[in-house]
Amino acid sequence: MRISKLCQNIAPSATLKINEQAGILRAKGLDVISLGAGEPDFDTPAFIREAAVRAMDEGQTRYTPVSGTLPLRQAVCDHLLREKNLSYSPNQVIICTGAKQALMNTLAALLDPGDEVLLPAPCWVSYPEMIAMAGGKAVWVHAAAEEGFVPPIERIRAAVTDRTRAIIVNSPSNPTGAVWTREQLMAVGELAVEKDLCIISDEIYDQLVYDGAEAVSPASLSPAVYARTVVINGWSKAYAMTGWRLGYAAGPKALIAAMSAYQSHFTGNPNSIAQAAGLAALTGDQQCVRDMAAAFAARREMMLALVEKIPQIGCFVPAGAFYLLLDVRSVLGKRWGGQVIRTSEDFARILLEEAQVALVPGDAFGAPGYCRVSYAAANDRLVEAMRRIRRFLNDLFALQAMEA
Ligand code: PMP
Ligand code: GLU
């Protein structure tokens, strides 16, 4: 059967692919440590799971309104007011099947064929594919580690054309962990107002910030910026609810209505039981969020100390999320088992084969020469993974010295 050009050109999610590869090796009996896909290792808190069971028992098993139940949309509004001092009404909110669908709906509602979306990079693997799936064109705006992985505003401005419709800002960032400052966001806000751009603000890691960093929403900066921002968020990271597939978007009423029309044909409402669970999550005791965030903060400290013990590689010190972007450029060009490690993809593959540690190569994030580590894993697994990486690098470098 002939496959459409659109689908022929979609690169499968590199983050999800690594999970599958690790799963295949594990099924063969290998002790694989997967620091691949970014997914909290915690179980969804009990009170949230119980709310789902109750919802099923009470018969909340039918279609809901396409954009989500009114109580849930109201709870999102209350949450945004409480957490970020952002004022939304329920008709400015749409509940979706994961933040993924919230992003896809937004792009579909905004873009005409050939419209451009600015993509500060390194960035999450799904953005460029989603932009293409919505008929648009991703325009990468790269930033280096020395720039804190946030592109200077002049570089962003230089990438604007008369086809630019939007910019995706993801702070804290996947994969870098960079957190944009208020000033950096304000500069983007002013540019958006001047050039009539939409800011798609993916705030899914907003609960995970460290060393006094603050996750600022561009929507909070001024009424003019609020009017052109779509806030994207969800339950996956903050409440350890990746499998429930629940996310949301909040933004201008007309845009949300267009997204709802689109969603009505695509999936209809998000899962009714997940919505009941999501309502319990937002309205219940938030201590679970703080506890998980504290665990990630402790792991981050531990991981930074472990990376420091490995002389061959370094990493950017992240202020948010649960990733470390390892700089593996020193291994490129080295030989292992008769093959040359040319890319971070080669390195990740060989590391998985030789040391049974799964990382995501940086190429798909627009970060060649880097590999992403997710430290959303148990402490003893993290320690063991870093021990294996250290040993592999020692062997690799010793081999080069012998050959030289
Ligand atoms: N945005 C970013 C930056 C992410 O890393 C993820 C990870 N899953 C998502 C959005 C989507 O989350 P979900 O669809 O699970 O809500
Ligand atoms: N967002 C996570 C990651 O980047 C989960 C996997 C995915 O959906 O991409 O690893």
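Structure: see above.
Definitions and limits used
Residues numbered from 1 in each chain as written. Chains lettered and ligands numbered in written order. Predicted model: local features only at pLDDT ≥ 70, side-chain atom pairs only at ≥ 80, totals over all residues. Heavy atoms only, no water. Pairing = 2+ DSSP bridges. Helix = DSSP H or I, 4+ residues; strand = E, 2+ residues; numbered from the N terminus. Axes fitted to C-alpha atoms, helices over the stretch in contact; angles between N-to-C directions. Right-handed = clockwise from strand over helix to strand, strands pointing away. Near = heavy atom within 4 Å. Polar contact = N/O pair within 3.5 Å; in protein donor to acceptor, adjacent residues only side chain to side chain. Areas by Shrake-Rupley, 256 points an atom, 1.4 Å probe, with all protein chains shown as cover. Nonpolar A, V, L, I, M, F, W, Y, C, P; charged D, E, K, R; others polar. Phe/Tyr/Trp six-rings, centres within 6.5 Å; stacked < 30°, edge-to-face > 60°. Buried < 20%, exposed > 50% of the residue type's maximum accessible area, 1.4 Å probe, protein only. Contact = heavy atoms within 4.5 Å. Salt bridge = Lys/Arg side-chain N within 4 Å of Asp/Glu carboxyl O. Expected span 1.5 Å × (residues − 1).

Colleague: Can you break down the sheet that holds strand β3 (residues 116-121) residue by residue, with the values?
Modeller: Pairing in this open sheet of seven strands is mixed, and the strands run β2-β8-β7-β6-β5-β3-β4 from one edge to the other. At either end of the open sheet lies a strand with only one pairing partner, and these are β2 (93-96) and β4 (137-142). Sheet twist, expressed as the mean angle between neighbouring strand axes with direction ignored, is 20°. One ladder, built from four bridges, connects strand β6 (residues 198-202) with strand β7 (residues 229-234); its direction is parallel. Considered in β7, the bridge of I200 is made with V230.

Colleague: Tell me about the pairing of β4, and name the residues and values.
Modeller: Strand direction decides the pairing type here: β3 and β4, joined by six bridges, are parallel. By the bridge assignment, E116 is partnered in β4 with K137. In this fold, the crossover linking β3 to β4 by way of helix α6 (residues 126-133) has right-handed handedness.

Colleague: Which residues make up the site of ligand 2, and what values do they have?
Modeller: What surrounds ligand 2 is the set S13, T15, L16, A37, G38, K100, W124, N174, Y205, K237, Y323 and R372. In the environment of ligand 2, an oxygen atom lies 2.6 Å from a nitrogen or oxygen atom belonging to the backbone of G38. Between ligand 2 and the protein, one listed contact pairs an oxygen atom with a side-chain N or O atom of W124 at 3.1 Å. Relative to its free-state accessible area of 270 Å², ligand 2 is covered by the protein chains to the extent of 90%. Of the residues assigned to the shell around ligand 2, the class counts are five nonpolar, four polar and three charged.

Colleague: Quick rundown of the packing of aromatic side chains? Include the residues and the values.
Modeller: Enumeration according to the criterion identifies 13 aromatic pairs in this entry. Ring centres of F322 and Y323 lie 5.0 Å apart, and the angle between their planes is 65°; this geometry places the pair in the edge-to-face category. You'll find F322 and Y323 in the same group, each marked buried. Three or more aromatic residues joined by ring pairs form one cluster here, namely F42, Y205, F296, F322 and Y323.

Colleague: Can you tell me about the sheet that holds strand β10 (residues 323-327), naming the residues and giving the values?
Modeller: Note on sheets: strands pair through backbone hydrogen bonds, and any given pair is parallel or antiparallel. Spatially, the four strands line up as an open sheet ordered β9-β10-β15-β14, and their pairing is antiparallel. Of all the strands in the sheet, the pair left with one neighbour each is β9 (314-315) and β14 (360-361). Looking at chain direction, β9 and β10 are connected through two bridges and run antiparallel. Within the sheet, the bridge partner assigned to C315 lies in β10 and is L326.

Colleague: So what's going on with the side chain of S67? Residues and values would help.
Modeller: If you trace the backbone, S67 turns up in the loop between α3 (46-57) and α4 (70-84). Not counting residues up to four positions away in its chain, the partners in contact with S67 are R73, V93, I94, I95, S260 and Q263.

Colleague: I'd like a rundown of the pattern of salt bridges, residues and numbers included.
Modeller: Under the definition given, this model contains 19 salt bridges. Between D196 and R228 there is a salt bridge, and its shortest N-O distance comes to 2.9 Å. A residue pair is termed long-range when its members are at least 10 positions apart, and D196 in the loop between α8 (182-195) and β6 and R228 in the loop between α9 (223-226) and β7 qualify at 32 residues. Residue R228 is classed as partly exposed on the basis of its relative accessible area of 22%. A single network of salt bridges, built from pairs that share partners, joins D31, R381, E384, R387 and R388.

Colleague: Give a detailed account of the environment of G148, specifying residues and quantitative values.
Modeller: Among the secondary structure elements, G148 is positioned in the loop between β4 and α7 (153-158). For the pair G148 and Q312, spaced 164 residues apart in the sequence, the C-alpha separation amounts to 21 Å. Every residue in contact with G148, bar those within four places of it in the chain, is listed here: A178 and F316.

Colleague: Explain α4 residue by residue, including any values.
Modeller: Here α4 spans 21 Å end to end across 15 residues, near enough to the 21 Å set by a 1.5 Å rise per residue. By the burial criterion, the buried members of α4 are L72, R73, A75, V76, C77, H79, L80 and K84. Lining the buried residues of α4 we find β2, β7, β8 (247-250) and α11 (272-283). Of the residues trailing α4, N85 is marked for its positive phi of about 55°.

Colleague: Can you lay out the environment of T69 for me, pointing to particular residues and giving the numbers?
Modeller: Position of T69 among the secondary structure elements: in the loop between α3 and α4. Taking the C-alpha atoms as reference points, T69 and P90, 21 residues apart in sequence, are found 9.5 Å from one another. Apart from residues no more than four positions distant in its own chain, T69 is found in contact with T64 and Q275.

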